[in-house]
Amino acid sequence: MKKENKLYWRRLDNSAKIFPISAGKKYSTVFRFSAVLKEEIDPESLKQAVILALKKYKSFKVRMKLGVFWNYFEDNPKDPIIEEEKDYPCKYIDYKRNNNYLFKVTYYDQKINIDIFHSLTDGNNGNLFFREIIYNYIELTHPKEFEEELRTTRKVEYTTEDSYMKNYDKSAKSNNSSQKAYVLKGEKIRLAAVSAIHEIIDTNELKALCQKEDCTVTQYLSAVLIYSIYEENYKKNNGEKPIKLCIPVNLKKYFPNSQTISNFFSYITLEAEMKKDNLNTFEKILDFVKKDFKKRLTEEEIIKTMSGNVKLGNNPFIRVVPLFLKKAIVRLSYLEIRKYTTITFSNVGRIGIIGKYKPYIECFLMLIAPEPVEKIKCSACTFEDKMVFTFTSILNDNSIEKRFYEFLKEQGIKVEIESNGVLDEFISTKN
Amino acid sequence: MNLYPQKINAKKTDFIIKIAILISFFVGVGLVFINRFTTPDIKWAGYCNAGIVYVWITVLYALNKNVNIASHLFIQMVALSALCVYFDIRLGFQAWSINLAIPMIVIIINIAMVILSIASYSNYMRYAFFQLLIALASLVPIFLIYENLVNDKTLSIVASGISGLNLLMSLIFHFKDLKEEIIRKFHI
């Protein structure tokens, strides 16, 4: 018989293991979802909404503990702390000051944020939990309209299994490139500030353009991003190494049987050899992106990448190294490891919201923490007919963001700009 | 849309702590100079600086909210013992630290752990790992007896007995918790 007070604990999934080892104030490995509602946020209802969501998604009600060889999760008996947003987005979550939680819910005006430490889950699963909070919040603040929903419970089905271990291919050979990437050059913003610039794009216009160019939205935006980097940073600094664009991939699409709420993502890395392949115009870059996507976004290639990473984390020699040594080694080598990517662009796609709740929501945002090497990170999510493409940056220069915006405007796409004001003076907000 | 706060504050607490540590450092250095120039025969600045370091260890630890009580007891046990040994050495080593102070600390901490494990029986799992660490650190008086470093063995024997009893009680009443904690901490 189970002891009532027995503490729940679980291992970190294969991909999550690296984050607590490498994370710190400079590498927070935190991502954020925000929902902009149409009314001012009520903190008390928000707290209740989070507590209710945690009852369903118990895998988020955990704290991180130190083992001798690996970290692990343990049930967290405390209530989460809900605060007004004060700091820059995606900052390192000091869980000792956060009732030990690995996510942090904040609010500002009409916006609800959740910052999630990547060890806990990935973007797609984090979004499920966030949506549950939003549903609960809307129900609690509009009890009359949601009388029926308050009486019943939405069903959620998930597991905390390590889907990497379940699905990786032991015989797959690693496809990791050994060539380092071009690293964005420029002075960093002082006082550890983070710039957040949101480019709100009309999806109908963007889709029409992509149809014309015979590519997907992610392919098109990837090409615009590489082109903007090339024009504003690569050319000016006479770059030599390839621009490498890392695109996270949701593995649930390839393994539909997985119902895990833990991390289950892999990535593809586009390698744009700007000089060698003479990629000096947008048309050439778009053509390259389409071909490289076709080459890399295959089940076989993605399984290879995933399996390579699983095998590394599963290596018996690595497993028996004490955690403090793992931490020291990873932190020392992390600056070098990160040099294999120029920039990351994560597109979580359309945020599906139940129809009845839609009128209460203005839009969704997604942000990823930038790092000393990957000084800019990009993310996108779509709600209704608005896609919000976000640049989070520690680079004291927003010319890449500006070029990206101007390029889309030149193509006749409606784009609006919102930002946290850190680098505002450089960007035009006029349409 | 008004998406972000206009004025984003830095972490005030961290800044204040850093400033206070910096001030403490300069106070410590100042004390050394005052000691040198006023009463060079009595090395009192060393005691003051040791006190400052001790205070900071405990203050910084206490500042981290949600401190696990057992972990706090363990830290106090180690820090206090080290401080006593330091003072004893600076005062010409009359061995009062190992004869009296360390056994006393071991006794107090182990009694506190017994009370803690009784008072919070249902939460024992949270303290299990620190119980083991305290049991390990409580072996110091036995080691001192074994190495014949203790003149008056009474208190050390009492301390060893109490820590042994504490460990035995834990094993009897919380064996499953301790076992699971060991599996959890040492999982590969």
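Residues numbered from 1 in each chain as written. Chains lettered and ligands numbered in written order. Predicted model: local features only at pLDDT ≥ 70, side-chain atom pairs only at ≥ 80, totals over all residues.

Caption draft 1: Seen up close, the overall build of chain B. Along its length, chain B carries seven helices and zero strands. In chain B, the succession of helices and strands from N to C terminus is α-α-α-α-α-α-α. The long-range share in chain B, meaning contacts at least 24 apart out of those at least 6 apart in sequence, stands at 69%. (Helix = DSSP H or I, 4+ residues; strand = E, 2+ residues; numbered from the N terminus. Contact = placed C-beta atoms within 7 Å.)

Caption draft 2: Quick look at the pairing of strand β3 (residues 62-66) of chain A. Residues and elements named next belong to chain A. Here β3 runs beside strand β4 (residues 71-75); their pairing, made up of five bridges, is antiparallel. Paired with methionine 64 across the bridge in β4 is phenylalanine 73. Linking β3 to β4, which pair antiparallel, is a turn of four residues. (Pairing = 2+ DSSP bridges.)

Caption draft 3: Representation of the sheet that holds strand β9 (residues 243-250) of chain A. Residues and elements named next belong to chain A. The mixed open sheet is built from seven strands, whose spatial order is β10-β9-β11-β13-β14-β8-β15. The open sheet has two edge strands with one neighbour each: β10 (265-272) and β15 (415-419). Each strand of the sheet is rotated relative to its neighbour by a mean of 20°, with strand direction disregarded. Here eight bridges tie strand β8 (residues 195-202) to strand β14 (residues 386-393), and the two strands are oriented antiparallel to one another. Along β14, the bridge assignment pairs isoleucine 200 with valine 388. Helix α3 (residues 123-141) contacts β9 and β11 (343-350) of the sheet and is inclined by roughly 45° relative to β11. (Axes fitted to C-alpha atoms, helices over the stretch in contact; angles between N-to-C directions.)

Caption draft 4: Just the environment of lysine 253 of chain A, in detail. Residues and elements named next belong to chain A. Mapped onto the elements of the fold, lysine 253 is located in the loop between β9 and β10. The exposure class assigned to lysine 253 is exposed, which follows from the 11 C-beta atoms found within 10 Å. With 118 residues separating them along the chain, lysine 253 and tyrosine 135 place their C-alpha atoms 25 Å apart. (Buried ≥ 20, exposed ≤ 12 C-beta atoms within 10 Å, placed from the backbone.)

Caption draft 5: Just unusual backbone geometry, in detail. A positive phi angle is found at asparagine 278 of chain A, which is not glycine, with a value near 55°. Within the secondary structure layout, asparagine 278 of chain A lies in the loop between β10 and α8 (282-296). At asparagine 148 of chain B, a residue that is not glycine, the phi angle is positive and equals roughly 55°. Its location among the elements puts asparagine 148 of chain B in the loop between α6 (140-146) and α7 (154-185). Residue classification places asparagine 148 of chain B among the exposed positions, given that 8 C-beta atoms sit within 10 Å.

Caption draft 6: Spatial organisation of the sheet that holds strand β2 (residues 30-37) of chain A. Residues and elements named next belong to chain A. Within the open sheet, the five strands sit side by side as β5-β6-β7-β2-β12. Their pairing is mixed. Pairing within the sheet leaves two strands with one partner each, and these edge strands are β5 (82-84) and β12 (361-368). Averaged over all pairs of adjacent strands, the angle between their axes in this sheet comes to 20°, without regard to strand direction. Each of β2, β7 (111-117) and β12 touches α3; the most contacted strand, β2, lies at about 30° to it.

Caption draft 7: Broad picture of the domain arrangement of chain A. Residue and element names in this part refer to chain A. Under the domain assignment used here, chain A contains domain 1 (9-165) and domain 2 (175-256 + 263-355 + 367-426). Taking only C-alpha atoms into account, the centre of domain 1 sits 24 Å from that of domain 2. On the domain 2 side, the residues contacting the 32 residues of domain 1 number 34 residues. Elements that contribute at least two residues to the side of domain 1 that touches domain 2 include exactly α1 (18-22), β2, α3 and α5 (163-167). For the side of domain 1 that touches domain 2, the residue count by class is 14 nonpolar, twelve polar and six charged. (Domains from an automatic or database assignment. Nonpolar A, V, L, I, M, F, W, Y, C, P; charged D, E, K, R; others polar.)

Caption draft 8: Molecular detail of the nonpolar core. Grouped together as the largest cluster of nonpolar side chains are 106 residues, with contacts concentrated most on Leu225, Ile226 and Ile243 of chain A. Considering each element in turn, this core owes the most residues, eleven residues, to helix α7 (residues 217-234) of chain A. Both domains that meet at this core, namely domain 1 (9-165) and domain 2 (175-256 + 263-355 + 367-426) of chain A, each give it at least three residues. Not counting chain neighbours up to four residues away, the residues in contact with leucine 225 of chain A comprise Leu245, Ile343, Phe345, Cys378 and Phe404 of chain A. Formed by 23 residues, the second largest nonpolar core is a distinct cluster that contains Phe130, Ile134, Leu144 and Leu178 of chain B. (Core = buried A, V, L, I, M, F, W, Y, C linked by C-beta atoms within 7 Å.)

Caption draft 9: Quick peek at α8 of chain A. Residue and element names in this part refer to chain A. Relative to the 21 Å expected for 15 residues at 1.5 Å per residue, α8 spans 20 Å between its end C-alpha atoms, a close match to the ideal helical length. Those residues of α8 lying buried are Ile285, Leu286, Phe288 and Val289. One side of α8 holds all its buried residues, which, seen down the axis, span an arc of 160°. Facing away from the buried side of α8, by more than 90 degrees, are the exposed residues Glu283, Lys291, Lys294 and Lys295. (Expected span 1.5 Å × (residues − 1). Arc of directions from axis to C-beta.)

Caption draft 10: Region of interest: the packing of helix α2 (residues 43-56) of chain A against α3 of chain A. All names here are of chain A. Relative orientation of the contacting elements α2 and α3 amounts to 130°, with a least axis distance of 8 Å. When the interaxial angle is binned, α2 and α3 end up oblique. Of the two elements, α2 crosses α3, and the hand of that crossing is right-handed. When α2 is examined against α3, the residues Ser45, Leu46, Gln48, Ala49, Val50, Leu52, Ala53 and Lys56 are found in contact with a partner set consisting of Phe129, Glu132, Ile133, Asn136, Tyr137, Leu140 and Thr141. (Parallel < 35°, antiparallel > 145°, perpendicular 65-115°, else oblique. Left-handed = near helix turned anticlockwise from the far one by under 90°.)

Caption draft 11: A look at helix α12 (residues 399-410) of chain A. All names here are of chain A. With twelve residues, α12 should reach 16 Å at 1.5 Å per residue; the first-to-last C-alpha distance of 16 Å fits that figure. Those residues of α12 lying buried are Ile400, Glu401, Phe404, Tyr405 and Leu408. Each buried residue of α12 lies within a common arc of 135° when the element is viewed along its axis, so the set occupies one face. Looking at the buried side of α12, the elements it contacts are β8, α7, β13 (376-383), β14 and β15.

Caption draft 12: Spatial organisation of the pairing of β9 of chain A. Residues and elements named next belong to chain A. With eight bridges connecting them, β9 and β10 associate as antiparallel partners. The partner of cysteine 246 across the bridge, within β10, is threonine 269. Of the pairings in the sheet, the one linking β9 to β11 comprises two bridges and is parallel in character. Paired with cysteine 246 across the strands is threonine 344, a residue of β11.

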